[in-house]
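# Structural characterization, general
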Amino acid sequence: MSFSALRLVGLGLAVSALATSLVACGKDDTGSGSGSGSGGAKKVALLLPESKTTRYEALDRPLFTEALKAACGDCQLIYSNADQDAAKQQQQAEAALTQGANVLVLDPVDGKAAAAVAASAKAQSVPVVAYDRFIENANYYVSFENEAVGKLQAQTLVDALKAAGKTSGNLAMINGSPTDPNAADFKKGAHSVLDSSGFKIAAEFDTPDWSPDKAQGWMEGQLSAIKNGLVGVYAANDGTAGGAIAALKGGGVKPLPPVTGQDSELAAIQRIIAGDQAMTIYKAVKPQAEAAAKGAVALANGGKPESTTEKNGVPSTILDPVAVTKDNIKDTVVKDNIYKVTDICTASFAAACTAAGLSAN
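None of the values given here were measured: they were computed from a predicted structure.

## Quick notes on the overall build of the chain
A tally of helices and strands in the chain yields 14 helices and 13 strands. Per-residue burial for the chain yields a buried fraction of 53% across its 361 residues. Put simply, of all contacts in the chain between residues at least 6 apart along the chain, 75% involve residues at least 24 apart.

This is the structure:
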């Protein structure tokens, strides 16, 4: 799927309409009706990793719930969020298996720890869908092209710097969690661009637990050494970007250098409108959730999920990311109804929205 094609994916979110269908942690959500291919009342466990990154509760959870009901009206959803605790996630997986889950859809806190969870599930003849983050020996993997995310972030940063007339200077690089296999791919992709860009990576940090606070603390500690020559910040997601920007503002850095991000969080879109953040990555969660739900239903019924490729021998569906800047907010997150203009353009951002040509009219 090309970037331009992905932009055309219509998401049509109806999050408020889903509120009554969401389930409490560890409880069953029993669907009604007779979805196609249901094969009976199967139990599908969705195990998400954390809630610091807002996408999981705001998008992945309701969209997967909706997609599961569409694919299998008789299926039951068992939902848990691990709050960035690998041991807790393992307990949640074991609880789901005890409750009779027919398939696990697992977005791991720790990729290596998740391999043990997958092995335990498969020993009980329960297949595993690796959702968003890869798990060795899973039955199916659904995610985005993760190295492409890092490349796109880094290239957008370099392009912004060159557009501003800069060809050299210091960069700070704030990567994701060292326990997240996707973070390693983002980092690899970013280095493939930045290492030959003419800009110097003056300081680099792998952020434990993707914590914005830890990203902010690290950035604050680096400013005395690199502040004068700092021209840009590579931040692997919007949470770490927010932490970096808070540190830069607190340290009196003016004007702010361009800062990257990922996940298209509302706060990040508003920072882009305000000029505090240069870009974010938009990953269209709806097609990801739909592929995972359909794959889970197929596996629960003893079938094979549709896939577009393989990763390490695991049948996979891989989607393409899109860079979001001030210029294409309308054509991405607004067009796909992730956010309404009124969500973005609150009173604090009204003037910036007007200047950016973003309005409800």
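Okay, back to it.
## Considering the sheet that holds strand 8 (residues 200-206)
On the basis of which strands lie adjacent, the open sheet formed by three strands has the order 8-7-9 and parallel pairing. At either margin of the open sheet sits one strand with a lone partner, and together these are strand 8 and strand 9 (230-235). Strand after strand, the sheet turns through a mean of 15° between neighbouring axes, direction not considered. As paired elements, strand 7 (residues 170-175) and strand 9 share five bridges and run parallel to each other. Note on strand 9: the bridge partner recorded for Leu171 is Gly232.

## What to know about helix 9 (residues 238-250)
Relative to the 18 Å expected for 13 residues at 1.5 Å per residue, helix 9 spans 18 Å between its end C-alpha atoms, a close match to the ideal helical length. Along helix 9, the residues that are buried comprise Asp238, Gly239, Thr240, Ala241, Gly243, Ala244, Ile245, Ala247 and Leu248. Structurally, helix 9 contributes buried residues whose contacts are with strand 7, helix 8 (212-226), strand 9, helix 10 (266-274) and strand 10 (280-282). Its side-chain oxygen at 3.3 Å from the backbone nitrogen of Gly239, Asn237 defines the N-terminal cap of helix 9. Of the residues flanking the end of helix 9, it is Gly252, one or two places downstream, whose phi is positive at about 75°.

## With respect to the pattern of salt bridges
A complete count under the given rule lists 11 salt bridges for this structure. Here Asp83 and Lys88 are joined by a salt bridge, their closest N and O atoms 2.6 Å apart. Relative accessible area serves as the criterion here: at 43%, Asp83 is assigned to the partly exposed category. Asp206 is the partner of Lys187 in a salt bridge, and the nearest nitrogen-oxygen pair spans 3.2 Å. Placement of Lys187 in helix 7 (residues 181-194) and of Asp206 in strand 8 is noted, with a sequence separation of 19 residues between them. Since its relative accessible area comes to 24%, Lys187 is described here as partly exposed. Here Asp206 falls in the partly exposed class, since its relative accessible area comes to 31%. Beyond isolated ion pairs, a larger network of salt bridges with shared partners links Arg55, Asp60 and Asp132.

## Describing the nonpolar core
Residues Phe64, Val105, Val129, Ile329 and Ile344 are the most contacted members of the largest nonpolar core, which totals 47 residues. Considering each element in turn, this core owes the most residues, nine residues, to helix 11 (residues 285-300). Val105 has contacts with Val44, Ala45, Leu46, Leu47, Phe64, Val129, Tyr131, Ala292 and Ala296, leaving out every residue within four places of it along the chain.

## Concerning the state of the cysteines
In the structure shown here, the tally under the stated rule is two disulfides. Between Cys72 and Cys75 runs a disulfide, and the two sulfur atoms are separated by 2.0 Å. Disulfide Cys72-Cys75: torsion about the S-S bond near 85°, hence right-handed. Pair check on accessibility: Cys72 and Cys75 agree, each one buried. A disulfide bridge connects Cys345 with Cys353, and the sulfur atoms are separated by 2.1 Å. Linking Cys345 and Cys353, the disulfide has an S-S dihedral of approximately -95° and is accordingly described as left-handed. As far as the burial class goes, Cys345 and Cys353 line up, both buried. Disulfides within the chain link the bonded cysteines, taken in sequence order, as 1-2, 3-4.

Thresholds applied
Residues numbered from 1 in each chain as written. Predicted model: local features only at pLDDT ≥ 70, side-chain atom pairs only at ≥ 80, totals over all residues. Heavy atoms only, no water. Helix = DSSP H or I, 4+ residues; strand = E, 2+ residues; numbered from the N terminus. Buried < 20%, exposed > 50% of the residue type's maximum accessible area, 1.4 Å probe, protein only. Contact = heavy atoms within 4.5 Å. Pairing = 2+ DSSP bridges. Axes fitted to C-alpha atoms, helices over the stretch in contact; angles between N-to-C directions. Expected span 1.5 Å × (residues − 1). Polar contact = N/O pair within 3.5 Å; in protein donor to acceptor, adjacent residues only side chain to side chain. Salt bridge = Lys/Arg side-chain N within 4 Å of Asp/Glu carboxyl O. Core = buried A, V, L, I, M, F, W, Y, C linked by side-chain atoms within 4.5 Å. Disulfide = S-S within 2.5 Å.

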